[in-house]
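Chain by chain, the residues:
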Amino acid sequence: GLKLNLRQTYVKIPSAALQECTHEAYPELMFVLGFFHAVVQERRKYGKIGWNIPYDFNESDLRVCMDLMKTYLDKSMEIDGKIPWSSLKYLIGEVMYGGRAIDNYDRRIINTYMDEYMGDFIFDSFQPFFFYKDKEVSYNIPKETHRDKFLEYIEELPLANTPCVFGLHSNAEIGYFTNAAKDMCSYMIELQPQTSAAEGGISREQFIEKVAVDIEGKLPVVFELDRIRKHLGEITPTAVVLLQELERFNILISKMKVSVATLQRALAGEVGMSAELDEIAKALFNGQIPGSWRRLAPDTLKSLGNWIAHFTRRFEQYSSWIERESRLSCGSLDSTFRSLT
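For clarity, every value in this text was computed on a predicted model and none was experimentally measured.

Draft legend 1. Local environment of the overall build of the chain. Across its full length, the chain holds 13 helices and two strands. Its C-alpha atoms give the chain a radius of gyration of 30 Å, clearly above 20 Å, the size a compact globule of 341 residues would have. Taken over the C-alpha atoms alone, the chain extends approximately 85 × 60 × 40 Å along its principal axes. In the chain, the proportion of contacts linking residues at least 24 apart, taken out of those at least 6 apart, comes to 66%. For the chain, the distance from the average position of its 40 positive side-chain charges to the average position of its 47 negative side-chain charges is 5 Å.

Structural data, given as structure tokens:
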């Protein structure tokens, strides 16, 4: 969370670091920089809502920016003492952090944070500056000069924070919590006992073999592409799409047939259990789609049972498509293997 990120940043800062710069605003600007660093890191947990592309902003970015800020503030004290905001925002937002962002919208977000967090307005005594404020909590810049005082302020912050602190809508965390719940369920499935069952039940190997036999019995024969080409006659654009789909579907069928057949032989001790077969066995036991099958199939979130039922219906769809190709007037592209292409 934001609090833990800020705490980690300040724990690693030496006690005398905040007094190394001659400019009086340096401690407060250091907190602004640390808060900005925590924000850009915490946005990653919101997926595409946080960043279009996840970036690995790390401690080295923060350290370099700290040195840049110290250097420019020291130089400003030798001239007129004014903070060079434009130079700092460009070096931090465009060069250091913006240099990692390859998406234009992500760069725009970083520049927006620079405009919101850096400027003479953060020192306005008549209108105090807040990173975020609501009825329950407020994130502001503590008027301190010692590291320990900043740590005391950080410890008072709430452990959990809403997406509003980062400028996101409160609904942004729905996807995060959904993915967290899915991951938790997946980990619980993987942690279930993998040993043989107690007396009166079937063993893990017997269960996997039963599932493999059931799947093998539902696998259709591969499509004869040469015969289908002759049946179609003139190759229309939709016929090209059909043949491409059938070619990919044949690869998937062949892979599944070889996998379940070899897995049954491995369970019987006739062949060795490879890493791929072990992964397939684990997936079948957990009711999940094996990774080697998933890579050859259209993207899906279905469980193994629902996916096999969908796989059977897809075969029926292709068979029907072959028979009525000559009079096909419309079709659903979202059910193809690569609908986005």
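Draft legend 2. Expanded view of the pairing of strand 1 (residues 130-133). Where strand 1 lies against strand 2 (residues 138-140), three bridges are found, and the strand directions are antiparallel. Residue pairing across strands places Phe130 opposite Asn140, the latter belonging to strand 2. Count of turn residues in the strand 1/strand 2 antiparallel hairpin: four residues.

Draft legend 3. Representation of the packing of aromatic side chains. With the rule as written, the count across this model stands at 31 aromatic pairs. Ring geometry for Phe31 versus Phe131: centroids 6.2 Å apart, planes at 45°, classification tilted. With a gap of 100 residues between them, Phe31 in helix 2 (residues 26-42) and Phe131 in strand 1 connect regions that are remote in the sequence. Side by side, Phe31 and Phe131 carry an identical accessibility label, which is buried. Ring geometry for Phe35 and Tyr117: centres 5.9 Å apart, planes at 75°, overall edge-to-face. Placement of Phe35 in helix 2 and of Tyr117 in helix 5 (residues 104-117) is noted, with a sequence separation of 82 residues between them. Given the relative accessible area of 5%, Tyr117 is considered buried. Above the face of the Trp51 ring, Arg43 is positioned so that its terminal group lies 5.3 Å from the ring centre. Arg204 extends its terminal NZ or CZ atom over the ring of Phe285, reaching a point 5.3 Å from the ring centre.

Draft legend 4. Representation of the environment of Gly34 within the structure. With respect to the secondary-structure elements, Gly34 resides in helix 2. In sequence terms Gly34 and Gln8 are 26 residues apart; their C-alpha atoms lie 9.8 Å from each other. Setting aside residues no more than four positions away along its own chain, Gly34 makes contact with Leu6 and Leu62.

Quick notes on the rules
- Residues numbered from 1 in each chain as written.
- Predicted model: local features only at pLDDT ≥ 70, side-chain atom pairs only at ≥ 80, totals over all residues.
- Heavy atoms only, no water.
- Helix = DSSP H or I, 4+ residues; strand = E, 2+ residues; numbered from the N terminus.
- Rg over C-alpha atoms; globule rule 2.2 N^0.38 Å.
- Contact = heavy atoms within 4.5 Å.
- Lys, Arg positive; Asp, Glu negative; His and termini not counted.
- Charge placed at Lys NZ, Arg CZ, Asp CG, Glu CD.
- Pairing = 2+ DSSP bridges.
- Phe/Tyr/Trp six-rings, centres within 6.5 Å; stacked < 30°, edge-to-face > 60°.
- Buried < 20%, exposed > 50% of the residue type's maximum accessible area, 1.4 Å probe, protein only.
- Lys NZ or Arg CZ within 6 Å of the ring centre and 35° of its normal.

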